[in-house]
Amino acid sequence: MSIMTLLPFIVLIGAMFLMTRSAKKKQQAAQQMRNEMQPGTGVRTIGGMYATVKEIHEETVLLEVAPGVHALYAKNSIGAVLADEEYNRILDGADPITGEDNPVVPDDVSSLTGADEATDKGDKAGKIDLGKAEAGDEAEPAADKAEADKAAEAAEADKADKADKADKADEPAAKDDAAKDDKKAGGADAK
């Protein structure tokens, strides 16, 4: 056999060796990172959740995902152990330390308008009250009631116009038309 026929097989074996070697190095680095975790360290899981390590066991880790909320995770589910500065910046929203003077994008509109203090109305605007109306309030909001009153007045005015036309014309057909329109509009005679 010539070397030219064996060359593709040699290249293929070499590529497989390099791929497995790099994968092993990544696995060893990840295992070393997980072994270096200590209680109080900030971590990111492979699912993207940030938490604080509370206890480390042989195959599991107890994480505090929120104040007073603990969850048990497998060590393999830890994606990254974060430095304290990065962890605090992510969770607390602290500004990252940068050497450049980049423009700062405001978080809310009030900083753009120059208003120093938020108004009570602005604070309440973001909140939705899903509770029942208070005892002093009516069950129907005032705006809805006003619209219903306007619609009722318009219907009454329309009825009055049709009745006047029917009286002036003194034709029975005009009265029948007014009665039909009244029934269509949902008048008292509709039933």
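Every chain is numbered on its own, with residues counted from 1 as its sequence reads. Residue-level local features of this predicted model are given only where pLDDT is at least 70; pairs of side-chain atoms are given and counted only at 80 or more, and the full residue set underlies all totals for whole chains, interfaces and linings. Side-chain metrics in this entry use all non-hydrogen atoms of the structure; hydrogen atoms and water are not considered.

J.: I keep staring at a nonpolar patch on the surface and nothing clicks. Help me out?
T.: Only residues whose relative accessible area exceeds 30% and that form no salt bridge are eligible for patches; like-charged ones are grouped when within 9 Å, while nonpolar side chains (Val, Leu, Ile, Met, Phe, Trp, Tyr) are grouped when within 5 Å. Here, Shrake-Rupley sampling with a 1.4 Å probe gives the accessible areas, and only protein chains in the shown set may cover a residue. The working definition used for a salt bridge is a side-chain nitrogen of Lys or Arg within 4 Å of a carboxyl oxygen of Asp or Glu. A cluster of nonpolar residues, Ile3, Met4, Leu7 and Val11, forms a patch on the protein surface that exposes about 430 Å² of accessible area. Each residue's exposure class comes from its accessible area (1.4 Å probe, protein chains only) as a fraction of the maximum for that residue type: buried when under 20%, exposed when over 50%, partly exposed otherwise. Leu7 sits in the partly exposed class, given a relative accessible area of 42%.

J.: How do you make sense of the sheet that holds strand β5 (residues 78–82) when you look at a structure like this?
T.: Within a sheet, neighbouring strands are paired by backbone hydrogen bonds and run either parallel or antiparallel to one another. Whether two strands pair comes down to DSSP finding at least two bridges between them. Helix and strand labels come from DSSP, where a helix needs a run of H or I of at least four residues and a strand needs a run of E of at least two; each type is numbered from the N terminus. In spatial order, the strands read β4-β3-β2-β1-β5; together these five strands make up an open sheet with antiparallel pairing. Each edge of the sheet is formed by a strand with only one pairing partner; in this case those strands are β4 (69–74) and β5. The mean angle between the axes of side-by-side strands here comes to 45°, regardless of whether they run parallel or antiparallel. Sheet topology places strand β1 (residues 42–45) next to strand β2 (residues 50–56); three bridges connect them, and they run antiparallel. By the bridge assignment for β2, Gly42 is matched with Thr52. What makes two residues a contact is simply this: any of their non-hydrogen atoms within 4.5 Å. Fitting a line to C-alpha atoms yields each axis, with helices limited to the stretch in contact; the angle taken between N-to-C directions then spans 0 to 180 degrees. Lying on the sheet, helix α2 (residues 84–92) is in contact with β1, β2 and β5; it crosses β2 at an angle near 130°.

J.: Please clarify how the pairing of β4 should be interpreted in this entry.
T.: Regular strands have side chains that alternate between both faces of the sheet. The pairing of strand β3 (residues 60–66) with β4 spans six bridges and is antiparallel. Bridge assignment links Leu63 to a residue of β4, and that residue is Ala71. Where β3 folds back onto β4 in an antiparallel hairpin, the turn is made up of two residues, including Gly68, whose phi is positive at roughly 85°.

J.: What is the right way to look at the pairing of β3 in this model?
T.: Here β2 pairs with β3 via four bridges, running antiparallel. Looking at β3, one finds that Val53 is bridged to Leu63. A loop of three residues connects β2 with β3, the two strands running antiparallel in sequence.

J.: Quick question: what am I supposed to make of the nonpolar core here?
T.: To form a nonpolar core, buried Ala, Val, Leu, Ile, Met, Phe, Trp, Tyr and Cys residues must be joined to one another through side-chain atoms within 4.5 Å. Core analysis: the largest hydrophobic core is formed by seven residues, namely Met37, Val43, Ala51, Val53, Val61, Leu63 and Ile78. Of all the elements in the fold, those that place two or more residues in this core are β2 and β3. Among residues more than four places away in sequence, those in contact with Met37 are Val43, Val53, Ile56, Val61, Ile78 and Val81.

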